[in-house]
Amino acid sequence: MNYCPHCHASSLVKNGRHPKTDCQKYRCQTCGRQFVQNPKKQRVSLGQKSLIGRLLLERIPLAGIARVVGVSERWLQNYVNRLYARVPRRVEAKPNRRTALCLECDELWSFVGNKGNKQWVWLALDRKTRAIIGVHVGDRSRAGALLHRICLKGCQKTFGRLLNFLNRR
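Residues numbered from 1 in each chain as written. Predicted model: local features only at pLDDT ≥ 70, side-chain atom pairs only at ≥ 80, totals over all residues. Heavy atoms only, no water.

**Regarding the sheet that holds strand β5 (residues 114–126)**
Then step 1. Pairing in this open sheet of 3 strands is antiparallel, and the strands run β4-β5-β6 from one edge to the other. Each edge of the sheet is formed by a strand with only one pairing partner; in this case those strands are β4 (103–112) and β6 (132–138). In this sheet, adjacent strand axes meet at a mean angle of 15 degrees when their direction is disregarded.
Then step 2. Pairing between β5 and β6: 6 bridges, direction antiparallel. In the strand pairing of β6, Ala-124 is matched with Gly-134. (Pairing = 2+ DSSP bridges. Helix = DSSP H or I, 4+ residues; strand = E, 2+ residues; numbered from the N terminus. Axes fitted to C-alpha atoms, helices over the stretch in contact; angles between N-to-C directions.)

**Focus: the packing of helix α2 (residues 62–69) against helix α3 (residues 73–85)**
Then step 1. Contact geometry for α2 and α3: axes closest at 9 Å, N-to-C directions at 115 degrees. In terms of their interaxial angle, α2 and α3 are classed as roughly perpendicular. You can see that α2 and α3 cross each other, and the crossing is right-handed. From α2, Leu-62, Ala-63, Ile-65 and Ala-66 reach across to α3, where they touch Glu-73, Leu-76, Gln-77 and Val-80. (Parallel < 35°, antiparallel > 145°, perpendicular 65-115°, else oblique. Left-handed = near helix turned anticlockwise from the far one by under 90°. Contact = heavy atoms within 4.5 Å.)

**Comments concerning the side chain of Gln-24**
Then step 1. Following the sequence through the fold, Gln-24 ends up in strand β2 (residues 24–28).
Then step 2. With a relative accessible area of 19%, Gln-24 lands in the buried category.
Then step 3. Among the polar contacts made by the side chain of Gln-24, one reaches the main-chain carbonyl oxygen of Gly-16 at a distance of 2.9 Å.
Then step 4. For Gln-24, the side chain forms a polar contact with the side chain of Arg-17, separated by 3.2 Å.
Then step 5. Excluding residues within four positions of it along the chain, Gln-24 makes contact with Lys-14, Asn-15, Gly-16, Arg-17, Phe-35, Val-36 and Gln-37. (Buried < 20%, exposed > 50% of the residue type's maximum accessible area, 1.4 Å probe, protein only. Polar contact = N/O pair within 3.5 Å; in protein donor to acceptor, adjacent residues only side chain to side chain.)

The following block contains the structure:
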């Protein structure tokens, strides 16, 4: 017996065929919802999303994760992009009060997408614990260096190329 997945009513009428899967579509006369009775594609469950998160932390390639979980690579890439968009761009860490904070600053660059899109990553690490204190991703301009320095406000000493770069300008 066919029933509506939304309101569980049995008053259904045929409503054409799905253009991609050629499955029969139905419309509920009670709530007006349209649906396919036995869809071939299902929503990704919270359990699958949790598994994807754990596999991403293990640094497994996206193609491997898509095969294991049973999702398309395109959906997985869009899901990872949405997760990345929610990551805060400013990292805040409280220094250990027992010892003085000794920073080591460094920069690195990489091409993103093509050679015309060079991105710089500015890092500030605690020398003893190797904890990341500040990070800035952007161009190698004075503004980029100042944004990185703002991330490090409250720190007394900084080392590496950052101060040399700022002093040259």
